Amino acid sequence: MWNPDQYERFKAERAQPFHDLVALIERRPRMHVADFGCGTGELTRILHETLGATETLGIDNSETMLLKSSAFGSEAVRFAKGDIEAFAADRPFDLVFSNAALHWVGDHPTLFRKLASFLAPDGQLAVQMPSNEDHASHSVARDVARELGHAPRISSVLPVDGYARILHRLGFARQHVKLQVYGHLLEEPRDVVEWVRGSLLTDYQQRMSDAEFTRFLDTYTQRLLPILGDDRPYFYTYKRVLLWGSY
Ligand SMILES: C[S@@+](CC[C@H](N)C(=O)[O-])C[C@H]1O[C@@H](n2cnc3c(N)ncnc32)[C@H](O)[C@@H]1O
């Protein structure tokens, strides 16, 4: 259900946390990098070049997102279809990276243990995940889903200090864990619906028939817009967890 065109409608806004995450990484020579949930691969290529990495592997389970990745691949930047949870590494990575993807995977204590197991002894882990569940853009989606007889999407993202504890338990000697609020100036409140249609609502869409999703989207829009008010431009606040750890 991932639609790269819808996702990329707010490309610049969605890229900022990626750049903030990359800024946390220590540049080391000859890095082998894995990017989990790489999407179209455009940011994977930028990651590879920014770090001057030797080899970067992007993993994603969406064919539609990966279709675009051929434009960003090279001998050193490869992409493969695969599920994060089922991934098995055939060599250690110097950096395990994931931008805006791990909130789609459950049981984070187990997931992070697995990701850490892919690292070389002096490896680094860098992850960014949305944590905006208490914004009306997300809570109204849950309410409307329940009302229409569908399961609400419950995010697997933990309170931010939980990640500091996970990194500590996994033996990361150094860590940087923060919750950052990104303020996005959207032309009008209705753009919030377009924003979440490219991400959060894809989960609802794939679990509903076309008719059900149309009803869901209409009800969601009618319910959300009065809550957001009439400010133009509309200042959409979006919280994200950024974390980095190194052994
Ligand atoms: C919001 S997009 C982010 C893409 C890219 N990292 C970026 O920042 O532009 C999330 C991506 O995670 C992928 N994804 C979600 N769950 C996954 C899983 N279990 N295994 C592999 N990829 C997954 C989706 O297919 C999607 O391409």
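The rules behind these values
- Residues numbered from 1 in each chain as written.
- Predicted model: local features only at pLDDT ≥ 70, side-chain atom pairs only at ≥ 80, totals over all residues.
- Helix = DSSP H or I, 4+ residues; strand = E, 2+ residues; numbered from the N terminus.
- Rg over C-alpha atoms; globule rule 2.2 N^0.38 Å.
- Buried ≥ 20, exposed ≤ 12 C-beta atoms within 10 Å, placed from the backbone.
- Contact = placed C-beta atoms within 7 Å.
- Near = placed C-beta within 6 Å.
- Nonpolar A, V, L, I, M, F, W, Y, C, P; charged D, E, K, R; others polar.
- Core = buried A, V, L, I, M, F, W, Y, C linked by C-beta atoms within 7 Å.
- Pairing = 2+ DSSP bridges.
- Axes fitted to C-alpha atoms, helices over the stretch in contact; angles between N-to-C directions.
- Parallel < 35°, antiparallel > 145°, perpendicular 65-115°, else oblique.
- Left-handed = near helix turned anticlockwise from the far one by under 90°.

Draft legend 1. Representation of the overall build of the protein in the model. Helix and strand counts for the protein come out as 10 helices and 7 strands. Relative to the 2.2 N^0.38 estimate, which gives 18 Å for 247 residues, the radius of gyration of the protein is 18 Å and therefore close to what a compact globule would have. Along the three orthogonal principal directions, the C-alpha set of the protein runs to about 50 × 40 × 35 Å. Residues classed as buried in the protein amount to 34% of the 247 residues present. Summarising the internal contacts of the protein: among those between residues at least 6 apart in sequence, 76% fall at separations of at least 24.

Draft legend 2. Spotlight on the site of the ligand. Among the 20 residues in the neighbourhood of the ligand, the closest are listed as G37, G39, S62, A101 and W104. For the shell around the ligand, the per-class residue count stands at 11 nonpolar, 6 polar and 3 charged.

Draft legend 3. The arrangement of the nonpolar core in detail. V33, A34, V96 and L243 are the most contacted members of the largest nonpolar core, which has 38 residues in total. In terms of residue count, the dominant contributor to this core is strand β5 (residues 119–130) (5 residues). When neighbours within four sequence positions are excluded, V33 is seen to be in contact with L47, H48, L51, A53, T56, F93, D94, L95 and F97.

Draft legend 4. Region of the structure containing helix α3 (residues 42–51). Turning to α3, its buried residues are L43, T44, R45, L47, H48 and L51. Close packing links the buried residues of α3 with α2 (11–24), β1 (32–36), β2 (55–60), β3 (77–81) and β4 (93–99). Two residues or fewer after α3 comes G52, characterised by a positive phi angle close to 60°.

Draft legend 5. Summary view of the environment of R197. Structurally, the position occupied by R197 is in helix α8 (residues 191–197). R197 gets classed as partly exposed once you count the C-beta atoms within 10 Å, which come to 19. Counting along the chain gives 194 residues from R197 to N3, while the straight-line C-alpha distance between them is 9.3 Å.

Draft legend 6. Fine view of the environment of D35. Position of D35 among the secondary structure elements: in strand β1. Of the residues examined, D35 has 27 C-beta atoms within 10 Å and is grouped as buried.

Draft legend 7. Looking closely at the pairing of β5. Burial analysis of β5 places 9 of its 12 residues in the buried class, which makes it a mostly covered element. Where β4 meets β5, 6 bridges bridge the pair, whose relative direction is parallel. Directly across from N99, in β5, lies its bridge partner Q128. Pairing of β5 with strand β7 (residues 234–246), which is carried by 7 bridges, proceeds in the antiparallel orientation.

Draft legend 8. Here's a closer look at the packing of helix α6 (residues 136–147) against helix α10 (residues 210–228). The geometry of α6 relative to α10 is characterised by a closest axis approach of 9 Å and an angle of 140° between their N-to-C directions. One way to sum up the angle between α6 and α10 is to call them oblique. Taken as a pair, α6 and α10 cross one another with a handedness that is right-handed. For the pair α6 and α10, contact is made by A136, S137, V140, A141, V144 and A145 and by F216, T219, Y220, R223, L224, I227 and L228, respectively.

Draft legend 9. Here's a closer look at the sheet that holds strand β6 (residues 174–186). With mixed pairing, the 7 strands of this open sheet are ordered in space as β3-β2-β1-β4-β5-β7-β6. The two strands at the open ends of the sheet, each matched to only one other strand, are β3 and β6. The sheet shows a mean angle of 15° between the axes of neighbouring strands, direction not considered.

Draft legend 10. Structural context of unusual backbone geometry. Cis geometry is found at the peptide bond from R232 to P233, where omega equals 0°. With respect to the helices and strands, the residue P233 is situated in the loop between α10 and β7. The backbone phi angle of R30 is positive, close to 55°, even though this residue is not glycine. Tracing the backbone through its elements, the reader meets R30 in the loop between α2 and β1.

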